[in-house]
Amino acid sequence: MPLTAIYAGYLLAQGALMRFSFTFASAPLRIWILRAILFGVLYDNSALLLSTLYGAADWLKPFNYPRWWIHGTVLPLLSLYMFSLLRHLDLPAASRLWVKALFLVVTSLCLAYGVWYEMLTLELTSRSAGIADSLLGTMERFGSVSKTPPLGTIFTNLFLIIWAVYLWRKTGWYWLFAGALFIFIINAASVAFSYGFILGNFAEVVFLAALLYTERHFYRR
């Protein structure tokens, strides 16, 4: 099945990125944040891979809830990753009290929203995705009953883009900005496409590659 092959490919790519994350000689907190995010997307795509084979089977439903739990509690930590990187590079903003407070407040609010929206009020239902007569076919999977977008994740993404621009201006390194902007645009545009969920998972691979590429570039500085 084409969808099964696509998600198997995503898993291989994410597994390779996870393996790469363990090539650093030491692991400060920000690298462990990246590993936690990688674990989350590996779990997410594993559940989706099973859905390409078994659809929205009842026995799969309990395994799908952690997809949202991880999403809501781990992705907001990207703000802490960004601050840790700024401090590692000894950039002026990282030493300012208001910047430290801003990062703490944004992380806390997005994390609180994630816990509320993607854990405490979460309810899943089966959904059909794709087009029956197309090459890729359809896929039964689980989705949230709520129509509200994941605002905590969206705001974290926008916050990261802003500070990635700052990083670019101070160091000339634009790859983190490019990766953050790419996943934001793809996720925003994917809602209009029948196979937008595939594009969203592809954007995750690109974004995580940009994060690890950035970490490798600045690691020894």
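Residues numbered from 1 in each chain as written. Predicted model: local features only at pLDDT ≥ 70, side-chain atom pairs only at ≥ 80, totals over all residues. Heavy atoms only, no water.

Description of the environment of Ala 210
Working step 1: Among the structural elements, Ala 210 can be located in helix α8 (residues 196-218).
Working step 2: Judged by its relative accessible area of 8%, Ala 210 falls in the buried class.
Working step 3: Between the alpha carbons of Ala 210 and Trp 175 there is a distance of 6.1 Å; along the sequence they are 35 residues apart.
Working step 4: In contact with Ala 210, not counting residues within four places along its chain, are Trp 175 and Gly 179. (Helix = DSSP H or I, 4+ residues; strand = E, 2+ residues; numbered from the N terminus. Buried < 20%, exposed > 50% of the residue type's maximum accessible area, 1.4 Å probe, protein only. Contact = heavy atoms within 4.5 Å.)

Regarding a nonpolar patch on the surface
Working step 1: Taken together, the side chains of Met 1, Leu 50, Leu 53, Tyr 54, Trp 59 and Phe 63 present a nonpolar region at the surface, about 660 Å² in accessible area.
Working step 2: With three residues, the top contributor of residues to the nonpolar patch is helix α2 (residues 29-54).
Working step 3: Within the element layout of this structure, Met 1 appears in the segment before α1 (2-21). (Patch = residues over 30% accessible without salt bridge, like charges linked within 9 Å, V, L, I, M, F, W, Y side chains within 5 Å. Areas by Shrake-Rupley, 256 points an atom, 1.4 Å probe, with all protein chains shown as cover. Salt bridge = Lys/Arg side-chain N within 4 Å of Asp/Glu carboxyl O.)

Examining the pattern of salt bridges
Working step 1: Enumeration over the complete set of coordinates arrives at two salt bridges.
Working step 2: Across the salt bridge formed by Arg 30 and Glu 215, the nearest N and O atoms sit 2.9 Å from each other. In this pair, Arg 30 sits in helix α2 while Glu 215 sits in helix α8, placing the two residues 185 residues apart along the sequence.
Working step 3: With a relative accessible area of 5%, Arg 30 lands in the buried category.
Working step 4: Judged by its relative accessible area of 0%, Glu 215 falls in the buried class.
Working step 5: With a shortest N-O distance of 2.6 Å, Asp 44 and Arg 67 are connected by a salt bridge.

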